[in-house]
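Fold and contact review
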Amino acid sequence: AGNRRLAKLTALLVEGPLQVRTFERYDERALRRSLNHHVELVEAIRARDPVWARSVMQAHVLAGQRVMMTALEEPGESG
């Protein structure tokens with residue numbers, strides 16, 4: 001997107017411990033969904049459509065949250 005601020009923010013998010021812990025808990029279905037979100041987010045950015053991009057990002061974050069919450073609810077998990 002050519003936006004330095006966005007690039008810095010993205011780097012922080014990608015390297016963040018929450019994303020790493022969440023990613024480790026993804027099954028194949030969740031990984032496919034996440035990849036599709038990334039592809040769609042790139043499409044939204046290329047289309048310069050902030051409403052679309054925001055919508056995809058919200059879905060992506062909520063899906064990741066659901067993966068983490070489900071993993072924490074499983075027996076034997078120690079948060």
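We now examine the confidence of the model for the protein. Residues with a pLDDT of 70 or more make up 81% of the protein, whose mean pLDDT is 84. The least confident element of the protein is helix H2 (residues 17–24), whose mean pLDDT is 67; the most confident is helix H3 (residues 28–46), at 95.

Turning next to unusual backbone geometry. Positive phi, close to 55 degrees, is recorded for Arg-48, a residue that is not glycine. In this fold, Arg-48 is placed in the loop between H3 and helix H4 (50–73). For Arg-48, a relative accessible area of 73% corresponds to the exposed category.

Okay, the side chain of His-60 next. If you trace the backbone, His-60 turns up in helix H4. Of the residues examined, His-60 reaches a relative accessible area of 15% and is grouped as buried.

To continue, consider H3. Over its 19 residues, H3 extends 27 Å from the first C-alpha to the last, a length consistent with the 27 Å expected when each residue adds 1.5 Å. Of the positions making up H3, those classed as buried are Ala-30, Ser-34, His-37, Leu-41 and Ala-44. Buried residues of H3, viewed axially, fall in a sector of 85 degrees; they line one side. Within H3, the exposed residues directed more than 90 degrees away from the buried face are Glu-28, Arg-29, Leu-35 and Arg-46. Next to the buried residues of H3 lie H4. One or two positions beyond H3, positive phi appears at Arg-48, with a value near 55 degrees.

Let us now look at the pattern of salt bridges. All told, the structure shown has 1 salt bridge when counted by the stated rule. Glu-28 is paired through a salt bridge with Arg-32; the nearest N and O atoms lie 2.9 Å apart. Of the two residues, Glu-28 and Arg-32 both sit in helix H3, 4 residues apart, roughly one turn of that helix. Here Arg-32 falls in the partly exposed class, since its relative accessible area comes to 48%.

It is worth spelling out the side chain of Ser-34 at this point. Considering the arrangement of structural elements, one finds Ser-34 in helix H3. When near neighbours in sequence (up to four residues on either side) are disregarded, Ser-34 contacts Tyr-26 and His-60.

Cut-offs and rules
Residues numbered from 1 in each chain as written. Predicted model: local features only at pLDDT ≥ 70, side-chain atom pairs only at ≥ 80, totals over all residues. Heavy atoms only, no water. pLDDT = per-residue confidence, 0-100. Helix = DSSP H or I, 4+ residues; strand = E, 2+ residues; numbered from the N terminus. Buried < 20%, exposed > 50% of the residue type's maximum accessible area, 1.4 Å probe, protein only. Expected span 1.5 Å × (residues − 1). Arc of directions from axis to C-beta. Contact = heavy atoms within 4.5 Å. Salt bridge = Lys/Arg side-chain N within 4 Å of Asp/Glu carboxyl O.

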